[in-house]
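In case you want the letters, here they are:
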Amino acid sequence: MSASDPTSLPTPSACVADFCIIPIGTPTASVSNEVAQVQRLLKQTGIKYSMHSAGTTLEGTWDEVMHIIGQCHSLLHANGVVRIQSDIRVGSRTDKQQGFEDKVAKVEKLLAEDEK
């Protein structure tokens, strides 16, 4: 892989992305209905994901993850949400494969050692 032509660089083969979709202009302050719609879509895609109180973590190829986040936007637009903002934090690494469950397990192991 050469960076001499940056337009020919491939996207990373794996990534972990944490995203939070923020529907703007919904009838109420609650967005639980929109979150449920997104979670149903994620379940149908088969991607590895985990919902948490402030968003959802996805694990897959860069292209797959970004495509699915785009589908989440399209789904909510199709269901009447006219404006959506998303916060997305993406990590990738090339030295080893590490999913979001691995990262959490590593920290939990360190914390368990504190209890000894």
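What counts and what doesn't
Residues numbered from 1 in each chain as written. Predicted model: local features only at pLDDT ≥ 70, side-chain atom pairs only at ≥ 80, totals over all residues. Heavy atoms only, no water. Helix = DSSP H or I, 4+ residues; strand = E, 2+ residues; numbered from the N terminus. Rg over C-alpha atoms; globule rule 2.2 N^0.38 Å. Buried < 20%, exposed > 50% of the residue type's maximum accessible area, 1.4 Å probe, protein only. Contact = heavy atoms within 4.5 Å. Areas by Shrake-Rupley, 256 points an atom, 1.4 Å probe, with all protein chains shown as cover. Lys, Arg positive; Asp, Glu negative; His and termini not counted. Charge placed at Lys NZ, Arg CZ, Asp CG, Glu CD. Polar contact = N/O pair within 3.5 Å; in protein donor to acceptor, adjacent residues only side chain to side chain. Core = buried A, V, L, I, M, F, W, Y, C linked by side-chain atoms within 4.5 Å. Pairing = 2+ DSSP bridges. Axes fitted to C-alpha atoms, helices over the stretch in contact; angles between N-to-C directions.

J.: Explain the overall build of the protein chain residue by residue, including any values.
T.: The secondary structure content of the protein chain amounts to three helices and four strands. Shown N-terminal to C-terminal, the secondary structure of the protein chain runs as helices and strands in the order β-α-β-β-α-β-α. In terms of overall dimensions, the protein chain is more spread out than a globule: its C-alpha atoms have a radius of gyration of 17 Å, far above the 13 Å expected for 116 residues. Counting every position in the protein chain, which comprises 116 residues, the buried fraction comes to 26%. Residue pairs at least 24 apart in sequence account for 68% of intrachain contacts in the protein chain once pairs closer than 6 positions are excluded. Accessible surface computed for the protein chain: about 8100 Å², of which carbon and sulfur atoms make up 53%. Across the protein chain, the centroid of the 11 positively charged side chains sits 3 Å from that of the 14 negatively charged ones.

J.: Outline the environment of Thr-11, listing residues and values.
T.: Relative to the helices and strands, Thr-11 resides in the segment before β1 (15–24). Remark: the alpha-carbon pair of Thr-11 and Thr-61, spanning 50 residues in sequence, is separated by 8.3 Å. Reaching out from Thr-11, the side chain makes a polar contact with the side chain of Asp-63 at a distance of 2.9 Å.

J.: Please give an account of the nonpolar core that cites residues and values.
T.: Note on soluble globular proteins: their nonpolar side chains tend to be buried together. Phe-19, Ile-21, Val-38, Leu-42, Leu-58, Val-65 and Cys-72 are the most contacted members of the largest nonpolar core, which totals 16 residues. Taken together, the elements giving at least two residues each to this core come down to β1, α1 (32–45) and α2 (62–78). It is α2 that contributes the most residues to this core, five residues altogether. If sequence neighbours within four positions are ignored, Ile-21 has contacts with Val-38, Cys-72, His-73, Leu-76, Ile-84, Gln-85 and Ser-86.

J.: Summarise the sheet that holds β1; cite the residues concerned and give the values.
T.: Strand order in the open sheet made by the four strands is β2-β3-β1-β4, with antiparallel pairing throughout. On the outer flanks of this sheet lie β2 (48–52) and β4 (83–91), each paired with one strand and no other. Each strand axis lies, on average, 20 degrees off the axis of its neighbour in the sheet, ignoring direction. Relative to β4, β1 runs antiparallel, the two sharing nine bridges. Residue Ile-22 lies in a different strand from β4, and its bridge partner there is Gln-85. The strands that α1 touches are β1, β2 and β3 (55–60); relative to β2, the one it contacts most, it runs at about 160 degrees. Taken strand by strand, helix α3 (residues 100–114) contacts β1, β2 and β3, and its axis lies near 55 degrees from that of β2.

Don't take any of this as a statement about function, it's just geometry.
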